[in-house]
Amino acid sequence: MNDMKRIVTLFFLLLRAFLAGAQNNPYGINDECYQYMNQADALIGKPGFAEANANLLHSAVKHEDKKAQVLYYVENLRDAARRPDAEEKEVLEAHESLTQIARKLDYVQYYYQSYQTLKNFYFNRGKMIRALEVIDEMQKTAVREGDEYGIWFAHKEFASVYMNYSAFHVAREHLSALIKVWQTTEDPTIRRQNLAPFYIDYSKTFAPEIDSARFYLDKAWEVVSVPVDSVRCMQESAVLAVVNRDEKTYRHYRDLVLNTPHRQGIGRGIPEMFGVIDSILDGTIGQPSVRDLYKFSMPQMRIISLVAEDKGFHALAENLKDQCILSMETDLSDLLKMNMSEMAARLGNDELSADLARKNRQMTNLLRASGIIGLLLVALLVYVSLKLRREKTGKK
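These figures come from a predicted structure and were not determined experimentally. (Residues numbered from 1 in each chain as written. Predicted model: local features only at pLDDT ≥ 70, side-chain atom pairs only at ≥ 80, totals over all residues. Heavy atoms only, no water.)

Q: How do you make sense of the side chain of His174 when you look at a structure like this?
A: Note on placement: His174 falls in helix 9 (residues 168-184). Judged by relative accessible area, which is 14%, His174 ranks as buried. In this structure, His174 is in contact with His155, Phe158, Ala159 and Tyr162, ignoring residues within four places of it in sequence. (Helix = DSSP H or I, 4+ residues; strand = E, 2+ residues; numbered from the N terminus. Buried < 20%, exposed > 50% of the residue type's maximum accessible area, 1.4 Å probe, protein only. Contact = heavy atoms within 4.5 Å.)

Printed below as a string of structure tokens:
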């Protein structure tokens, strides 16, 4: 798709966003219910939430709005999971209530969204094994019941976790599976999901200098349907352009991103990354401090290092590569410590001296069930690969 077609696409997306804003009720529930839901949503994790959410339920029952009733339980779980003092028991009870009402009133998307919220609760508290077990449980339920939406949703959640840990090879498998389901399904709930974000993530599983990255980003551009996704496409187009020495295209998309009214589509650290890249291209870059570098993600540091290397700023490129390796070492160490600690707690510290064979079997089953072996192995392989490349570069 050429740039003129993309500009036309962006125009219609902006028009669509304006019209959607005028409608102002994307859930399609009763307007009074929607008003109360917004009030409750703004108070999630804060004092006053319970009263605001009770108003939503009262209005939903009064207007016999079943979807709004389910959304009351959605908000209740989100509040329980987000509060700093949240107790696991309370979150599990809210999860159980939501899954039951979603089943009863036939809103399957919120049944699986409940698992997503529960996964995030564990994930944000460093309980990776439990988080992956929640997704695994959701997937097994969906497969057992032949629920296509649940299967699709589980692939989406697995992909999200593996992308977060830069385990791109495994993430790619889940992204490929969920894209295939989207393309072949007749399920309207799945078909309503925007496909562009998944093609964008699929593109990001490849190194930016690889043709496959451009191929799948072009596919994302072809199916963009909301302005936020177009901003993400512009970000990635800028990245691919600068890595592949097309400075004119890079500056074009960079300017579109930095001037977009849809700021929520801009990824964390993107404006700062563009600033560093600009100073490299202009030849005005100094030697950033370690603190400056740590505000970037590892993929962002790698992109900057590629541009720096290409423009002859070898010391900066080497520093960035060192930081990538250090970041991977830290993440891998934290991942190992976090999950070994969690496994020890799950297996029972007070019995470590008894029946080691049984303990080993339990641990193996626990690891296999959660998928953590794959995550740790992928993380280790990525780290070793980076380390070997770094050592090879140092010998030249």
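After presenting the structure, the write-up continues.
Q: Please clarify how the confidence of the model for the protein chain should be interpreted in this entry.
A: Atomic detail in the predicted coordinates should be set aside for any region of low pLDDT. On average, residues of the protein chain score 82 in pLDDT, and 74% of them are at 70 or above. Per-residue pLDDT stays below 50 along residues 17-23; that stretch engages in two contacts with residues further than four places along the chain or on separate chains. For the stretch residues 349-370, pLDDT sits under 50, and the model shows 20 contacts to residues farther than four places along the chain or on other chains. (pLDDT = per-residue confidence, 0-100.)

Q: Please explain the nonpolar core as it appears in this structure.
A: Generally speaking, nonpolar side chains in soluble globular proteins are found buried as a group. Ranked by size, the top nonpolar core spans 97 residues in total, and within it Val91, Trp152, Tyr250, Met273, Ile277, Ile280 and Ile304 carry the most contacts. Apart from the residues lying within four places of it in its own chain, the contact partners of Ile280 are Ile285, Ile304, Val307, Ala308, Lys311, Phe313 and Leu316. (Core = buried A, V, L, I, M, F, W, Y, C linked by side-chain atoms within 4.5 Å.)

Q: It is not clear to me how the packing of aromatic side chains should be interpreted in this structure. Could you clarify?
A: How two aromatic rings sit relative to each other is set out by the distance from centre to centre and by the angle between their planes. Taken as a whole and judged by the stated rule, the model has 19 aromatic pairs. With 6.4 Å between their ring centres and 45° between their planes, Tyr107 and Tyr110 make a pair best called tilted. The class of Tyr107 is partly exposed, set by a relative accessible area of 22%. By relative accessible area, which is 6% here, Tyr110 ends up buried. With 6.5 Å between their ring centres and 55° between their planes, Trp152 and Phe153 make a pair best called tilted. Exposure class is identical for Trp152 and Phe153. Each is buried. It is Arg103 that lies over the ring of Tyr111; its NZ or CZ is 4.0 Å from the centre. Above the ring of Trp182, the side-chain terminus of Arg191 is found at 3.9 Å from the ring centroid. (Phe/Tyr/Trp six-rings, centres within 6.5 Å; stacked < 30°, edge-to-face > 60°. Lys NZ or Arg CZ within 6 Å of the ring centre and 35° of its normal.)

Q: How should I be thinking about helix 6 (residues 108-123) in this particular structure?
A: An α-helical segment advances 3.6 residues per turn. Residues three or four places apart therefore align on the same side. For helix 6, spanning 16 residues, the distance from its first C-alpha to its last is 23 Å, which sits close to the expected 22 Å at 1.5 Å a residue. Inspection of helix 6 places Gln109, Tyr110, Tyr111, Tyr112, Ser114, Tyr115, Thr117, Leu118, Lys119, Phe121 and Tyr122 among the buried residues, and these make up the whole buried set. Of the surrounding secondary structure, the elements contacted by the buried residues of helix 6 are helix 4 (66-82), helix 5 (88-104), helix 7 (128-145), helix 8 (148-164) and helix 10 (188-191). (Expected span 1.5 Å × (residues − 1).)

Q: Got a minute to help me understand the side chain of Thr189 in this structure?
A: Among the secondary structure elements, Thr189 is positioned in helix 10. Classification of Thr189 as buried rests on a relative accessible area of 11%. In this structure Thr189 touches Gln109 and Tyr149, once residues within four positions along its chain are discounted.

Q: Could you clarify how one ought to interpret the pattern of salt bridges in this entry?
A: Close approach of charged atoms allows side chains of opposite charge to pair. Going through the model one piece at a time under the given rule, you end up with 20 salt bridges. Of the charged contacts in the structure, one is a salt bridge between Arg251 and Glu247, with a shortest N-O distance of 3.8 Å. Placement of both Arg251 and Glu247 in helix 14 (residues 247-258) is noted, with a separation of four residues, approximately one turn of the helix. Judged by its relative accessible area of 27%, Glu247 falls in the partly exposed class. Residues participating in the shared-partner salt-bridge network are Asp79, Arg83, Asp85 and Glu90. (Salt bridge = Lys/Arg side-chain N within 4 Å of Asp/Glu carboxyl O.)

Q: I'm lost on helix 5 in this one. Help?
A: With 17 residues, helix 5 ought to run about 24 Å at 1.5 Å a step, and its terminal C-alpha atoms sit 24 Å apart, in line with that. Residues of helix 5 that are buried in the fold lie against helix 4 and helix 6. Looking one or two places after helix 5, you find Asp106, whose phi comes out positive at around 65°.

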